[in-house]
Amino acid sequence: MKIAVMPGDGIGPEITAQAVKVLEALKTDGLQVEFEHALIGGAAYRATGVPLPESTVALAQASDAVLFGAVGDFSLDTLPRHLRPEQAILGIRKALNLFANFRPAMVYSELADASTLRPEVVAGLDILIVRELTGDIYFGTPRGHRIAEDGPFKGEREAFDTMRYAETEIRRIAHVAFQAARKRGGKLCSVDKANVLETTQFWRDVVTEVGKEYADVELSHMYVDNCAMQLLKNPKQFDVIVTGNLFGDILSDEASMLTGSIGMLPSASLNESNFGLYEPIHGSAPDIAGKDLANPMATVLSAAMMLRYTFGLEEYASRIEKAVQTVLASGPRTGDIWREGKERTGTSGMGDAIVAALARQ
Ligand SMILES: NC(=O)C1=CN([C@@H]2O[C@H](COP(=O)(O)OP(=O)(O)OC[C@H]3O[C@@H](n4cnc5c(N)ncnc54)[C@H](O)[C@@H]3O)[C@@H](O)[C@H]2O)C=CC1
Ligand SMILES: CC(C)CC(=O)C(=O)O
Ligand SMILES: [Mg+2]
């Protein structure tokens, strides 16, 4: 199995190195993987003049899966939009048709007191956010800047984006979410802003239609503003949440804090044939980059998701997850989840601790 590794920017190289280290360690127990690295994001822009070189997309297409770190570099934020690092992750998701983004938010019992919420609110939490990943306002056209031609601000500069979803895009992500809910707690909450936005009223209508094929799944609908509040008030009411690209982006960052840290949330981005790109949900964290401070667990857990979803290697996947749990229980911790009485470590030390826990299994 060939894995394309795309570290990207900021903490990307540090965290992907730990996931590779963990996968390498499993090789001694028979896991057959090889790695090939590619430039992406700001790192690719600096080396080649574009954030997503054709050779990077070609490597992904020639590989069995992609392990991705993060892109984003504040010093490149003044570049024209198409050259900015973030265009690389948007571009590769689109190029590989990775429309289904799974973002599980699980609270490890060892971290129930690491959340900013009371332990009883989050203990035992296990929810899945299914985010549509290749449509919505992130990709809709037209978009741009112009001089307003009408309205009260006529003659002024204005900017605009387009929120749009085609029926096929909603149907396919709805099927993915219903099937996921069927395998879990049997509950699906579709999140939209149907009280205001045409696009999301259409989303609600199509999800309701698809729901008729899943009588065994209990479907509910919630407005996104209420959902943001309910996630803090009573997150355990949810099983699977399905939502569009923009709302899913925001709600999953919010959900990450229920688990203790954004450094804990992995993700899988899949296409129709289960080809996947695996990445932590966070960004390149320039504020802590290069300082050995980042928590690599979200990336290591993303590698576990890769073994499970793309390769069907459940045993290796759960070994990684158990090793993470062992480290949380008795090992050292990075600053984001550190607390009194625990040994403090860095990104690399956390990777080593996970490898050591694997060896002891
Ligand atoms: N998929 C991707 O590649 C994404 C890229 N970005 C980009 O990343 C850059 C930074 O964006 P921000 O809004 O600051 O979001 P961010 O997720 O990079 O960081 C937000 C906060 O969380 C902390 N954090 C993130 N990951 C962490 C980890 N593993 N361990 C410990 N702390 C961690 C950071 O230090 C920061 O304080 C921007 O250029 C943005 O566009 C943002 C989100 C996703
Ligand atoms: C950088 C963005 C395009 C993506 C993002 O924030 C995410 O996928 O979570
Ligand atoms: Mg995000």
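Definitions and cut-offs
Residues numbered from 1 in each chain as written. Chains lettered and ligands numbered in written order. Predicted model: local features only at pLDDT ≥ 70, side-chain atom pairs only at ≥ 80, totals over all residues. Domains from an automatic or database assignment. Contact = placed C-beta atoms within 7 Å. Helix = DSSP H or I, 4+ residues; strand = E, 2+ residues; numbered from the N terminus. Nonpolar A, V, L, I, M, F, W, Y, C, P; charged D, E, K, R; others polar. Near = placed C-beta within 6 Å. UniProt positions renumbered as here; feature names shortened; annotations may be inferred. Buried ≥ 20, exposed ≤ 12 C-beta atoms within 10 Å, placed from the backbone. Pairing = 2+ DSSP bridges. Core = buried A, V, L, I, M, F, W, Y, C linked by C-beta atoms within 7 Å. Axes fitted to C-alpha atoms, helices over the stretch in contact; angles between N-to-C directions.

**Things to note about the domain arrangement of the protein chain**
And then number 1: When its domains are assigned, the protein chain resolves into domain 1 (1-98 + 265-361) and domain 2 (126-257).
And then number 2: The gap between the C-alpha centroids of domain 1 and domain 2 is 26 Å.
And then number 3: Of the residues lining the interface, 8 residues belong to domain 1; the matching set on domain 2 comes to 7 residues.
And then number 4: Among the elements that make up the side of domain 1 that touches domain 2, the one with the highest residue count is helix α4 (residues 86-95) (3 residues).
And then number 5: When its residues are assigned to classes, the side of domain 1 that touches domain 2 shows 4 nonpolar, 2 polar and 2 charged.

**A short note on the site of ligand 2**
And then number 1: Ligand 2 sits among Glu86, Ile89, Leu90, Asp249 and Ile281.
And then number 2: Considering each element in turn, the shell around ligand 2 owes the most residues, 3 residues, to α4.
And then number 3: When its residues are assigned to classes, the shell around ligand 2 shows 3 nonpolar, no polar and 2 charged.

**Focus on the site of ligand 1**
And then number 1: Taken together, 19 residues form the shell around ligand 1, and within it Gly72, Gly263, His282, Gly283 and Asn295 come nearest.
And then number 2: Taken together, the residues of the shell around ligand 1 break down into 9 nonpolar, 6 polar and 4 charged.

**Details of the UniProt feature "binding site: substrate" (unreviewed entry) in the protein chain**
And then number 1: Feature annotation in UniProt places "binding site: substrate" (unreviewed entry) on Arg93, Arg103, Arg131 and Asp225, given in this structure's numbering. The greatest C-alpha distance among the annotated residues, which extend across 133 residues, is 26.6 Å, indicating that they are dispersed rather than converging on a single site.
And then number 2: Secondary-structure assignment places Arg93 in helix α4.
And then number 3: Since 22 C-beta atoms lie within 10 Å of it, Arg93 is described here as buried.
And then number 4: Not counting residues up to four positions away in its chain, the partners in contact with Arg93 are Leu98, Leu133, Thr134 and Ser269.
And then number 5: Assignment of secondary structure puts Arg103 in strand β4 (residues 100-106).
And then number 6: The class for Arg103 is buried, based on 23 C-beta atoms found within 10 Å.
And then number 7: Discounting residues that sit within four places of it in the chain, Arg103 has contacts with Ile129, Arg131, Ser252, Leu265, Ser267 and Ile281.

**A short note on the pairing of strand β12 (residues 276-280)**
And then number 1: Judged by how many residues are buried, β12 sits mostly within the fold: 5 of 5 residues are covered.
And then number 2: Neither face of β12 is left uncovered, since the one carrying Gly276, Tyr278 and Pro280 and the one carrying Leu277 and Glu279 both have all their residues buried.
And then number 3: Sheet analysis places strand β3 (residues 65-70) next to β12, joined by 2 bridges and oriented parallel. The partner of Val66 across the bridge, within β12, is Leu277.
And then number 4: Bridge count between strand β11 (residues 266-270) and β12: 5 bridges; the pairing is antiparallel. When the sheet's bridge partners are listed, Ser267 is paired in β12 with Glu279.
And then number 5: Here β11 hands over to β12 after 5 residues, with Asn274 in that stretch at a positive phi of 70°.

**Observations concerning the nonpolar core**
And then number 1: Core analysis: the biggest nonpolar cluster contains 106 residues, and Val130, Ala177, Ile241, Tyr278, Val300, Ala303 and Ile354 have the highest contact counts within it.
And then number 2: If one sorts the elements of this core by residue count, helix α10 (residues 297-309) sits on top with 9 residues.
And then number 3: Each of domain 1 (1-98 + 265-361) and domain 2 (126-257) gives at least three residues to this core.

**Thoughts on the UniProt feature "binding site: Mg(2+)" (unreviewed entry) in the protein chain**
And then number 1: Here, UniProt's "binding site: Mg(2+)" (unreviewed entry) annotation points to Asp225, Asp249 and Asp253. Taken together, the annotated residues stretch across 29 residues yet fold into one region, lying no more than 14.4 Å apart by C-alpha.
And then number 2: Mapped onto the elements of the fold, Asp225 is located in helix α8 (residues 224-233).
And then number 3: Within the secondary structure, Asp253 sits in helix α9 (residues 245-256).
And then number 4: By the C-beta count within 10 Å, which is 15 here, Asp253 ends up partly exposed.
And then number 5: Dropping the residues within four chain positions of it, Asp253 is found in contact with Ile262 and Ile281.

**Details of the sheet that holds β12**
And then number 1: With mixed pairing, the 10 strands of this open sheet are ordered in space as β2-β1-β3-β12-β11-β4-β5-β10-β8-β9. Every other strand in the sheet has two partners, leaving β2 (34-37) and β9 (218-223) as the edge strands with one partner each. Looking at each pair of strands side by side, their axes are set apart by 25° on average, direction ignored.
And then number 2: Here α9 sits on the sheet and contacts β4, β5 (126-132), β8 (187-192) and β10 (240-243); the angle it forms with β5, its principal contact strand, is near 155°.

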